[in-house]
Amino acid sequence: MAKAAWQNRPACNTLLVATRPKQRNLGRLSEIAQVAVRHGFGYAVDGRKGGDPETGQTARGRHLREMLDELGPTFVKFGQLLSTRPDIVPPDIIAELRGLQDDVRPFPFADIEKTIREELGQPIERLFTEFDETPLAAASIGQVHRATLPNGRLVAVKVQRPNAPRQIEADLALMYQAAKVAKERIRALDFIDTNEIVDEFARSIRQELDYRLEARNADGFHKNFAGHPHVAVPRVYWTYTRSKVLTLEYLDGVQLADLELDQWSLEQRRKLAYLIAETWMTMIFRHGFFHADPHPANILVLSPDRIGLVDFGLTGKLTDDDMSKLTRLFIDAASENIEALPKRLSDLGVRYPKEREEQFVSELRELYHRYYGASIQEIDPIQVIREAFGLIYAMNLRLPTRFVMLDKAIATLGSVGVELYPDFNVFEIAKPYARDLMIERFTPRRIASRARREGWKLTQMAVELPYQVHDVLEEIRDGQIEVGFVHKGLDEFMAKLDVLFNRLVIALVVTGGLIGSSMIGILAKSGPHVLGLHVVSVLGFGLSTVLGVWLLWSVLRSGRL
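Presented here is a report on the structure given in the accompanying data block.

### Here's the deal with the environment of Ile338
- Looking at where Ile338 falls in the secondary structure, it is placed in the loop between helix H13 (320-334) and helix H14 (341-347).
- On the accessibility criterion, Ile338 (3% relative accessible area) is buried.
- In this structure, the C-alpha to C-alpha distance between Ile338 and Ser362, residues 24 residues apart in sequence, is 8.9 Å.
- Once you skip the residues sitting within four places of it in the chain, Ile338 turns out to touch Val361, Leu364, Arg365 and Tyr368.

Next comes the structure, spelled out in structure tokens:
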């Protein structure tokens, strides 16, 4: 009977099955379009040149944040990425996008058990003596649960959502389509490679799908702050960690975002703000490896003078060479050598249109003199960073990712510090670290070390030089090297030269016509005559006169008589 029932089923419509993903994509695109129109971005859908008047400079960031929030977790993360791109996003929108929170509804505990069993190879009850079914936090990619290991240690277990990779890939496909539509229909985005932006986001979010990368980051921070009296970083339990499961030491504290500030004295809040800032300055200037998202939800207050760090998916790394270049930038800024700043920024990988370098120097000088000479207490760091972001956007500067994350981290630190303590100034914390960095760069030991590295590089270049010359000579011999050049203004010069020769030829024709007609008029005795002149001579004089008048008129029109 079962077989007969199976045989009586209608044939599977493979065409319908094949088109379902496409139909789902079309449905989702339609939903995105409706949400965009509802939040005032209808011009991106219907091709109008302008936007809704209500979506002005002050409201557009809020509308965009609300739209991304409504579209779901992947788009929220995309908005968070855009908040780190001051080269393509105006400062007012960046300020709004930083308010996006990756907070979604938890998924069922049965999925937690299934993922842990598949990843760790054993059921959850054999791995942990206790496992809290209520999550501590839930995000778009995974959620965190508190548990107890067999040895009695409390841990935080981060488990990935079952369908997270598939959902992310589907949303990425939609983003690529949306990027194409936006590029075609919004003229204001002509200077942006929208496809490249989605590529960057795709790389970032796909890395977050492998928790082992976050575990390595956490392990690095744990080693850097080992034994620190005021900063705790959870230990990684590698035996209980896989690509979809991350197990960290449990830190018992309150998220900074949930801290009841009215129960803290102003002095306690000041100390906490400066402790957080000093922690990040230590990461940036001493470790060269920093947590790139100092969001209040990622900072735990363990006690009035101790904090804990969590969520290590987004990090930045500065090499020793980066720190040396930053030092030279600080020195030029301190010595008012503004003209050298574009070169220093270029050494750091900042890209800007060369034809706008003079404007860039002028803008830097204006920004510099606006704050030079003022005390640190007189400077609003948030305003300075906002103006710097405005300059980056206005000049279409391209910043390396590590420095974009550094800017974002410092800007977030400034905002967090001001929330805790109104008179907080992140520059006041950074100044001694930057000064120590500059001093350290010029100690005899560091100078000798740099000289040794540079000497080794020059030695390698000298050794390779004969081989490189040999390779070039062989390519010349084989005809593989072609030399080409571009002369600016050459086309215009050739056009003018062409006009000059044309006029010269016409002048010669006119002169020859006049002389020839005169000779015919003098020597020709037979044949038809008009007014005593041979008819051929009359025609020659007439043609020469017409050409001569035309030549004179063209010269007068050109204004080069």
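So that's the structure; there's more coming.
### Things to note about unusual backbone geometry
- Its identity is not glycine, yet Asp311 carries a phi of approximately 60°, on the positive side.
- The topology assignment puts Asp311 in the loop between strand E10 (306-309) and strand E11 (315-317).
- Under the relative-accessibility criterion, Asp311 is labelled partly exposed at 34%.

### Points about the nonpolar core
- The biggest cluster of nonpolar side chains holds 97 residues, and the ones touching the most others in it are Leu256, Leu272, Ile276, Met281 and Phe290.
- When residues in this core are grouped by element, the largest group, 11 residues, is from helix H12 (residues 266-287).
- With residues near it in sequence (within four places) discarded, Leu256 still touches Leu272, Ile276, Pro296, Ile299, Val301, Val416 and Leu420.
- Core analysis: the next-biggest nonpolar cluster, separate from the first, contains 17 residues, Ile116, Ala147, Leu149 and Tyr240 among them.

### A few points about the sheet that holds strand E5 (residues 231-232)
- The four strands are arranged E5-E10-E9-E7 in an open sheet whose pairing can be described as mixed. The sheet is open, and its two borders are formed by E5 and strand E7 (254-255), each paired with just one other strand.
- Across four bridges, the pairing between strand E9 (residues 299-303) and E10 is antiparallel. In the strand pairing of E10, Ile299 is matched with Leu309.

### Quick look at the packing of aromatic side chains
- Applying the stated criterion across every chain, the model contains eight aromatic pairs.
- Judged by centre distance (6.5 Å) and plane angle (65°), the ring pair of Tyr274 and Tyr421 falls under edge-to-face. Of this pair, Tyr274 sits in helix H12 while Tyr421 is found in the loop between helix H17 (401-420) and helix H18 (426-441), placing the two residues 147 residues apart along the sequence.
- For Tyr421, a relative accessible area of 14% gives the class buried.
- Here the aromatic cluster, defined as three or more aromatic residues joined through ring pairs, consists of Phe109, Phe128, Phe131 and Tyr240.
- The ring of Tyr274 carries the charged tip of Arg270 above its face, separated from the ring centre by 5.5 Å.

### A look at the pairing of strand E3 (residues 142-148)
- The element E3 is extensively covered by neighbouring structure, given that six of its seven residues are classed as buried.
- One ladder, built from two bridges, connects strand E1 (residues 130-131) with E3; its direction is antiparallel. In the sheet register, Glu130 faces E3, and the bridge partner there is Thr148.
- Bridging between strand E2 (residues 137-138) and E3 involves two bridges; their strand directions are antiparallel. Following the sheet pairing, Ala137 is matched in E3 by Val144.
- Remark: three residues form the turn of the hairpin made by E2 and E3, two consecutive strands paired antiparallel.
- Bridging between E3 and strand E4 (residues 154-160) involves seven bridges; their strand directions are antiparallel. Its bridge partner lying in E4, Arg146 is registered against Ala156.
- The antiparallel pairing of E3 with E4 creates a hairpin that spans five residues between the two strands, and Gly152 there sits at a positive phi of about 90°.

### Some remarks on the environment of Ala95
- Along the chain, the position of Ala95 falls in helix H6 (residues 91-97).
- Taking C-alpha positions, Ala95 is 7.5 Å from Ser83, a pair spaced 12 residues apart along the chain.

Parameters at a glance
- Residues numbered from 1 in each chain as written.
- Predicted model: local features only at pLDDT ≥ 70, side-chain atom pairs only at ≥ 80, totals over all residues.
- Heavy atoms only, no water.
- Helix = DSSP H or I, 4+ residues; strand = E, 2+ residues; numbered from the N terminus.
- Buried < 20%, exposed > 50% of the residue type's maximum accessible area, 1.4 Å probe, protein only.
- Contact = heavy atoms within 4.5 Å.
- Core = buried A, V, L, I, M, F, W, Y, C linked by side-chain atoms within 4.5 Å.
- Pairing = 2+ DSSP bridges.
- Phe/Tyr/Trp six-rings, centres within 6.5 Å; stacked < 30°, edge-to-face > 60°.
- Lys NZ or Arg CZ within 6 Å of the ring centre and 35° of its normal.

Function-wise, these values are silent; they only describe arrangement.
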